[in-house]
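Breakdown of the fold
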Amino acid sequence: NRSTADDGAGPMPAYHSKYVGVQTEEACGCALLPLKTKSRGPAPPCPADDEDIVDEVIRYFRPNCLFRNFEVKGGADRTLIYLTLTMQQVLKECERFKTRPDAEKAVQALVTKQFSVPGGPGWALGGMFPVPNDLQEGETWRLYMKQARDEVASRTLDLLFYADGSKNKWWNSFAKRKFMGKELKA
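To start, this report covers the structure provided alongside it. Not measured: the values here are computed from a predicted model. (Residues numbered from 1 in each chain as written. Predicted model: local features only at pLDDT ≥ 70, side-chain atom pairs only at ≥ 80, totals over all residues. Heavy atoms only, no water.)

Concerning the packing of aromatic side chains
- Within this structure, the stated rule accounts for 12 aromatic pairs.
- Between Trp123 and Trp141, the ring centres sit 5.6 Å apart and the planes meet at 80°, which makes this aromatic pair edge-to-face. Of the two residues, Trp123 sits in the loop between α3 (100-112) and α4 (135-160) while Trp141 sits in helix α4, which places them 18 residues apart along the sequence. For the pair shown, Trp123 and Trp141 are each scored as buried.
- Chaining the aromatic ring pairs together yields one cluster made of Tyr82, Phe115, Trp123, Phe129 and Trp141.
- Against the face of Phe115 rests Arg142, its NZ or CZ located 5.8 Å from the ring centre.
- Arg149 extends its terminal NZ or CZ atom over the ring of Phe115, reaching a point 4.4 Å from the ring centre. (Phe/Tyr/Trp six-rings, centres within 6.5 Å; stacked < 30°, edge-to-face > 60°. Helix = DSSP H or I, 4+ residues; strand = E, 2+ residues; numbered from the N terminus. Buried < 20%, exposed > 50% of the residue type's maximum accessible area, 1.4 Å probe, protein only. Lys NZ or Arg CZ within 6 Å of the ring centre and 35° of its normal.)

Observations regarding α4
- Here α4 contains 26 residues, and its C-alpha end-to-end distance of 36 Å stays within 8% of the 38 Å for a straight helix at 1.5 Å per residue.
- For α4, the N-terminal capping position is held by Asp134, with its side-chain oxygen 3.2 Å away from the main-chain nitrogen of Gln136. (Expected span 1.5 Å × (residues − 1). Polar contact = N/O pair within 3.5 Å; in protein donor to acceptor, adjacent residues only side chain to side chain.)

Some words on the nonpolar core
- In this structure, Tyr82, Trp141 and Tyr144 are the most contacted members of the largest nonpolar core, which totals 54 residues.
- The set of elements that each furnish at least two residues to this core consists of β2 (30-31), α1 (53-64), α2 (75-94), α3 and α4.
- Sort the elements by how many residues they give to this core and α2 lands first, with 10 residues. (Core = buried A, V, L, I, M, F, W, Y, C linked by side-chain atoms within 4.5 Å.)

Brief notes about the side chain of Gln147
- Along the chain, the position of Gln147 falls in helix α4.
- From its side chain, Gln147 meets the backbone nitrogen of Ala43 in a polar contact 2.8 Å long.
- Residues within four places of Gln147 in sequence aside, it is in contact with Leu35, Thr37, Ser39, Arg40, Gly41, Pro42 and Ala43. (Contact = heavy atoms within 4.5 Å.)

Take a look at the structure:
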(Lines give C-alpha, C1' and ligand atoms only; values in the text may rest on other atoms or scores of the structure.)
Protein backbone atom coordinates (compact mmCIF):
# COMPACT_ATOMS: atom_id res chain seq x y z
CA ASN A 1 0.00 0.00 0.00
CA ARG A 2 3.04 2.29 0.44
CA SER A 3 5.96 2.89 -1.88
CA THR A 4 9.44 3.45 -0.53
CA ALA A 5 11.78 6.26 -1.47
CA ASP A 6 14.25 3.93 -3.15
CA ASP A 7 11.87 1.82 -5.26
CA GLY A 8 11.63 4.47 -7.97
CA ALA A 9 7.87 4.82 -7.53
CA GLY A 10 8.07 8.54 -6.75
CA PRO A 11 7.00 10.37 -3.62
CA MET A 12 5.55 8.51 -0.67
CA PRO A 13 1.74 8.57 -0.70
CA ALA A 14 -0.32 9.38 2.36
CA TYR A 15 -1.69 6.54 4.48
CA HIS A 16 -5.18 5.37 3.51
CA SER A 17 -7.83 3.69 5.62
CA LYS A 18 -7.83 -0.10 5.78
CA TYR A 19 -11.62 0.15 5.38
CA VAL A 20 -11.37 1.37 1.75
CA GLY A 21 -13.36 -1.08 -0.33
CA VAL A 22 -15.29 -2.49 2.65
CA GLN A 23 -19.03 -2.43 2.04
CA THR A 24 -20.70 -0.13 4.54
CA GLU A 25 -23.44 2.46 4.72
CA GLU A 26 -22.39 5.89 3.46
CA ALA A 27 -23.60 9.46 3.87
CA CYS A 28 -22.19 12.39 1.87
CA GLY A 29 -19.57 10.06 0.43
CA CYS A 30 -18.25 9.10 3.90
CA ALA A 31 -18.25 5.54 5.17
CA LEU A 32 -20.22 5.19 8.41
CA LEU A 33 -17.74 2.85 10.07
CA PRO A 34 -17.93 1.04 13.42
CA LEU A 35 -16.67 2.96 16.46
CA LYS A 36 -15.41 1.90 19.88
CA THR A 37 -17.38 4.43 21.87
CA LYS A 38 -19.80 4.89 24.72
CA SER A 39 -21.35 7.94 23.03
CA ARG A 40 -24.82 7.44 21.63
CA GLY A 41 -25.28 7.73 17.91
CA PRO A 42 -25.79 5.88 14.64
CA ALA A 43 -22.32 4.30 14.41
CA PRO A 44 -22.29 0.52 14.53
CA PRO A 45 -20.32 -0.80 17.53
CA CYS A 46 -16.75 -1.98 16.98
CA PRO A 47 -15.39 -4.91 18.99
CA ALA A 48 -12.96 -3.70 21.68
CA ASP A 49 -10.07 -5.76 20.28
CA ASP A 50 -10.48 -4.42 16.70
CA GLU A 51 -9.04 -1.19 15.32
CA ASP A 52 -11.68 1.40 14.49
CA ILE A 53 -11.43 4.48 12.28
CA VAL A 54 -10.48 6.68 15.26
CA ASP A 55 -7.52 4.37 15.98
CA GLU A 56 -6.49 4.82 12.34
CA VAL A 57 -6.82 8.60 12.58
CA ILE A 58 -4.51 8.62 15.62
CA ARG A 59 -2.01 6.19 14.10
CA TYR A 60 -1.82 8.02 10.76
CA PHE A 61 -2.21 11.58 12.06
CA ARG A 62 1.47 12.46 12.33
CA PRO A 63 2.62 11.07 8.99
CA ASN A 64 -0.51 12.18 7.11
CA CYS A 65 -0.36 15.77 8.37
CA LEU A 66 2.92 16.13 6.50
CA PHE A 67 1.09 15.72 3.16
CA ARG A 68 -0.56 18.50 1.19
CA ASN A 69 -2.27 16.07 -1.19
CA PHE A 70 -4.42 13.05 -0.47
CA GLU A 71 -5.90 10.81 -3.14
CA VAL A 72 -9.36 9.74 -1.98
CA LYS A 73 -9.85 6.04 -2.70
CA GLY A 74 -13.32 5.68 -1.18
CA GLY A 75 -15.75 6.63 1.54
CA ALA A 76 -13.48 5.38 4.33
CA ASP A 77 -10.79 7.82 3.17
CA ARG A 78 -13.26 10.71 3.35
CA THR A 79 -14.12 9.69 6.90
CA LEU A 80 -10.39 9.48 7.69
CA ILE A 81 -9.82 12.97 6.20
CA TYR A 82 -12.67 14.58 8.14
CA LEU A 83 -11.68 12.98 11.44
CA THR A 84 -7.99 13.82 10.89
CA LEU A 85 -9.00 17.46 10.44
CA THR A 86 -11.14 17.14 13.58
CA MET A 87 -8.13 15.86 15.54
CA GLN A 88 -6.07 18.77 14.25
CA GLN A 89 -8.84 21.14 15.35
CA VAL A 90 -8.87 19.59 18.85
CA LEU A 91 -5.07 19.84 19.15
CA LYS A 92 -5.21 23.48 18.08
CA GLU A 93 -7.99 24.24 20.58
CA CYS A 94 -5.98 22.63 23.41
CA GLU A 95 -2.77 24.44 22.54
CA ARG A 96 -3.55 27.42 24.79
CA PHE A 97 -4.45 25.36 27.87
CA LYS A 98 -1.94 24.00 30.35
CA THR A 99 -4.32 21.74 32.33
CA ARG A 100 -6.56 18.94 31.18
CA PRO A 101 -9.74 20.20 32.93
CA ASP A 102 -9.49 23.54 31.12
CA ALA A 103 -8.80 21.81 27.80
CA GLU A 104 -11.71 19.39 28.35
CA LYS A 105 -14.14 22.29 28.81
CA ALA A 106 -12.95 23.98 25.62
CA VAL A 107 -12.99 20.75 23.62
CA GLN A 108 -16.47 19.85 24.88
CA ALA A 109 -17.72 23.24 23.70
CA LEU A 110 -15.98 22.66 20.35
CA VAL A 111 -17.44 19.21 19.65
CA THR A 112 -20.96 20.13 20.74
CA LYS A 113 -20.99 23.27 18.56
CA GLN A 114 -23.04 23.03 15.36
CA PHE A 115 -20.83 22.19 12.36
CA SER A 116 -21.36 22.34 8.61
CA VAL A 117 -22.38 19.43 6.42
CA PRO A 118 -20.76 19.00 2.98
CA GLY A 119 -21.90 21.77 0.66
CA GLY A 120 -23.43 23.78 3.50
CA PRO A 121 -22.49 27.29 4.61
CA GLY A 122 -19.03 27.33 6.17
CA TRP A 123 -18.00 23.99 4.64
CA ALA A 124 -14.20 24.19 4.36
CA LEU A 125 -13.48 21.18 2.15
CA GLY A 126 -15.00 22.28 -1.15
CA GLY A 127 -16.03 19.53 -3.55
CA MET A 128 -13.97 16.77 -1.94
CA PHE A 129 -17.16 15.49 -0.28
CA PRO A 130 -20.42 15.07 -2.22
CA VAL A 131 -23.36 17.13 -0.99
CA PRO A 132 -26.23 15.21 0.62
CA ASN A 133 -28.95 14.01 -1.74
CA ASP A 134 -31.61 14.98 0.77
CA LEU A 135 -32.09 16.35 4.28
CA GLN A 136 -32.06 12.87 5.83
CA GLU A 137 -28.64 12.00 4.35
CA GLY A 138 -27.21 15.27 5.66
CA GLU A 139 -28.61 14.61 9.11
CA THR A 140 -27.28 11.01 9.11
CA TRP A 141 -23.82 12.39 8.24
CA ARG A 142 -24.06 15.04 10.96
CA LEU A 143 -25.14 12.53 13.66
CA TYR A 144 -22.40 10.05 12.74
CA MET A 145 -19.71 12.74 12.64
CA LYS A 146 -20.93 14.21 15.94
CA GLN A 147 -20.46 10.79 17.56
CA ALA A 148 -17.08 10.27 15.86
CA ARG A 149 -15.88 13.83 16.69
CA ASP A 150 -16.72 13.21 20.35
CA GLU A 151 -14.64 10.02 20.33
CA VAL A 152 -11.73 11.68 18.49
CA ALA A 153 -11.76 14.51 21.05
CA SER A 154 -11.78 12.12 24.00
CA ARG A 155 -8.90 10.00 22.69
CA THR A 156 -6.91 13.09 21.64
CA LEU A 157 -7.14 14.45 25.18
CA ASP A 158 -5.84 11.11 26.46
CA LEU A 159 -2.81 11.47 24.15
CA LEU A 160 -2.23 15.14 24.85
CA PHE A 161 -2.21 14.94 28.64
CA TYR A 162 -0.26 12.49 30.77
CA ALA A 163 -1.88 10.80 33.78
CA ASP A 164 -0.21 13.33 36.11
CA GLY A 165 -1.97 16.15 34.22
CA SER A 166 1.11 17.51 32.45
CA LYS A 167 1.02 18.13 28.73
CA ASN A 168 2.66 15.89 26.15
CA LYS A 169 4.70 18.52 24.33
CA TRP A 170 5.43 16.17 21.46
CA TRP A 171 1.75 15.73 20.56
CA ASN A 172 1.14 19.42 21.27
CA SER A 173 3.75 20.34 18.66
CA PHE A 174 1.41 18.99 15.96
CA ALA A 175 -1.24 21.62 16.77
CA LYS A 176 0.26 23.96 14.18
CA ARG A 177 0.35 21.36 11.38
CA LYS A 178 -2.39 21.49 8.74
CA PHE A 179 -3.35 18.27 6.99
CA MET A 180 -3.62 19.01 3.23
CA GLY A 181 -3.17 22.70 4.08
CA LYS A 182 -6.77 22.80 5.36
CA GLU A 183 -8.53 23.18 8.67
CA LEU A 184 -12.07 22.95 9.94
CA LYS A 185 -13.57 26.19 11.17
CA ALA A 186 -14.75 26.28 14.77
